[in-house]
Amino acid sequence: MKLIGLISPNSSDDTLVDVYKIFPPGIRIEARTLHVSKYTDDEFQRAEQTFVGLVRDLARQPLDFLMVTGELFLSYKGPGSDREILNLVKQVTPTPASTVLTAVTRGCQTLGLKRVVMASPFPEDQDQRLVKFLAHDGIEVVAWRGLGCPNAKVIWELAPQSGYDLSMALLREHPDVDGVYMPCNKWRTASVIERIEKDSGKPVLTNTQAWTWEALRAMGMKETIAGYGRLLGRGD
């Protein structure tokens, strides 16, 4: 049995359903929640104040890996802030750790995605931060479009089809890009990854898909996982 600690904004059993579908048997997740009621700096700062306490709480357990998700929480302090978060984690626990944006960057590098479009459920100001964050790590977001959702509750109510429709529209408008990125684990897009890749011929990177791939690699579990796009289907 492998045990993964997960720190995620507004985490719930519902958001872990797709994660457990992706993971092979023998993995358990112990989650802690960073409460973010709306996408403002004040809310992110409040969440940040509770972060170390959550790490310490999880570190009491025999974790094999620790993952920090929440693109907006990670990016609100600016490009490269995922390194700051991971350095903070190292001060608390020797458990191997990563963040979802670190995973997205590595996933893009693995798939050869240097120029992408971003289909997002977030407001425009938050999308702009993500664009700057990715540019800092050498990933150019050629175009992006967001749905303007003010919080995770609204995003959770979006149908997966919304991710397919927005991604395909952007890919039709920008056929020369390398692929598409869809942030937010509350946007239930895992089920449309394969459809987008089949219909567009472009690789897809999403929040849940990227961090599960990162966790499996870190734990030495490199088996091929079908049904969730090229990244997880590589087996490396």
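Residues numbered from 1 in each chain as written. Predicted model: local features only at pLDDT ≥ 70, side-chain atom pairs only at ≥ 80, totals over all residues. Heavy atoms only, no water.

J.: How should I be thinking about the overall build of the protein chain in this particular structure?
T.: For the protein chain, the count of helices and strands is eleven helices and eight strands. Taking 2.2 N^0.38 as the reference for a compact globule, 236 residues should give roughly 18 Å; the C-alpha atoms of the protein chain span a radius of gyration of 16 Å, in line with that estimate. Each principal axis of the C-alpha atoms in the protein chain carries an extent, and together these give about 50 × 40 × 30 Å. Counting every position in the protein chain, which comprises 236 residues, the buried fraction comes to 56%. Residue pairs at least 24 apart in sequence account for 75% of intrachain contacts in the protein chain once pairs closer than 6 positions are excluded. Total accessible area on the protein chain stands at roughly 10,000 Å², and carbon and sulfur atoms take up 48% of it. Taken as two groups, the 28 positive and 29 negative side-chain charges of the protein chain have centres that lie 3 Å from each other. (Helix = DSSP H or I, 4+ residues; strand = E, 2+ residues; numbered from the N terminus. Rg over C-alpha atoms; globule rule 2.2 N^0.38 Å. Buried < 20%, exposed > 50% of the residue type's maximum accessible area, 1.4 Å probe, protein only. Contact = heavy atoms within 4.5 Å. Areas by Shrake-Rupley, 256 points an atom, 1.4 Å probe, with all protein chains shown as cover. Lys, Arg positive; Asp, Glu negative; His and termini not counted. Charge placed at Lys NZ, Arg CZ, Asp CG, Glu CD.)

J.: Just to check I follow, could you spell out helix H8 (residues 160–173) for this structure?
T.: Side chains of residues three or four places apart in an α-helix project in the same direction, reflecting 3.6 residues per turn. For H8, built from 14 residues, the straight-helix expectation of 20 Å at 1.5 Å per residue is met to within 8% by its first-to-last C-alpha distance of 21 Å. Considering only its buried residues, H8 is in contact with strand S5 (115–120), strand S6 (140–146), strand S7 (179–182) and helix H9 (193–200). (Expected span 1.5 Å × (residues − 1).)

J.: In this structure, what is going on with the packing of aromatic side chains? I would like to understand it.
T.: Any pair of aromatic rings gets described here by the distance separating the centres and the angle formed by the planes. Overall, the coordinates contain five aromatic pairs when judged by the stated rule. With a centroid separation of 5.4 Å and 35° between ring planes, the pair formed by Phe-44 and Tyr-76 is classed as tilted. Here Phe-44, found in helix H2 (residues 41–59), pairs with Tyr-76, found in the loop between helix H3 (71–75) and helix H4 (81–92); they are 32 residues apart in sequence, far enough to count as distant. Each member of the pair Phe-44 and Tyr-76 is classed as buried. Seen in terms of ring centroids, Phe-51 and Phe-73 are 6.1 Å apart; in terms of plane orientation they differ by 40°. Their pairing is tilted. You can see Phe-51 sitting in helix H2 and its partner Phe-73 sitting in helix H3, a full 22 residues away along the chain. For the residue pair Phe-51 and Phe-73, the accessibility class agrees, reading buried in each case. (Phe/Tyr/Trp six-rings, centres within 6.5 Å; stacked < 30°, edge-to-face > 60°.)

J.: Would you mind showing me how to read empty space enclosed by the protein here?
T.: Using a probe with the size of a water molecule, rolled over the atoms, empty space left in the structure can be pinpointed. Here the structure, examined in full by the defined rule, presents three cavities of 30 Å³ or more. Estimates place the volume of the largest cavity at around 160 Å³. In this structure, the largest cavity is lined by 16 residues; those nearest its centre are Pro-9, Tyr-39, Gly-70, Glu-71 and Cys-184. At the level of secondary structure, the elements contributing two or more residues to the lining of the largest cavity comprise strand S1 (2–9) and H3. For the lining of the largest cavity, a count of residues per class yields nine nonpolar, five polar and two charged. Of the pockets and cavities examined, the second largest cavity occupies roughly 50 Å³. (1 Å grid on protein atoms, 1.4 Å probe; cavity = no way out; pocket = protein on both sides within 12 Å on 5 of 7 lines; lining within 4 Å. Points joined across faces, edges and corners; volume = space filled by probe spheres on them. Nonpolar A, V, L, I, M, F, W, Y, C, P; charged D, E, K, R; others polar.)

J.: What exactly am I supposed to notice about the sheet that holds strand S4 (residues 97–99) here?
T.: Strand pairing in a sheet takes place through backbone hydrogen bonds and is either antiparallel or parallel in direction. Ordered in space as S2-S1-S3-S4, the four strands form an open sheet in which the pairing is parallel. One side of each edge strand has no neighbouring strand; the edge strands of this open sheet are strand S2 (27–34) and S4. Taking each pair of neighbouring strands and ignoring which way they run, the sheet shows an average axis angle of 20°. Where S1 lies against strand S3 (residues 65–68), four bridges are found, and the strand directions are parallel. (Pairing = 2+ DSSP bridges. Axes fitted to C-alpha atoms, helices over the stretch in contact; angles between N-to-C directions.)

Taken by themselves, the reported measurements are silent on function.
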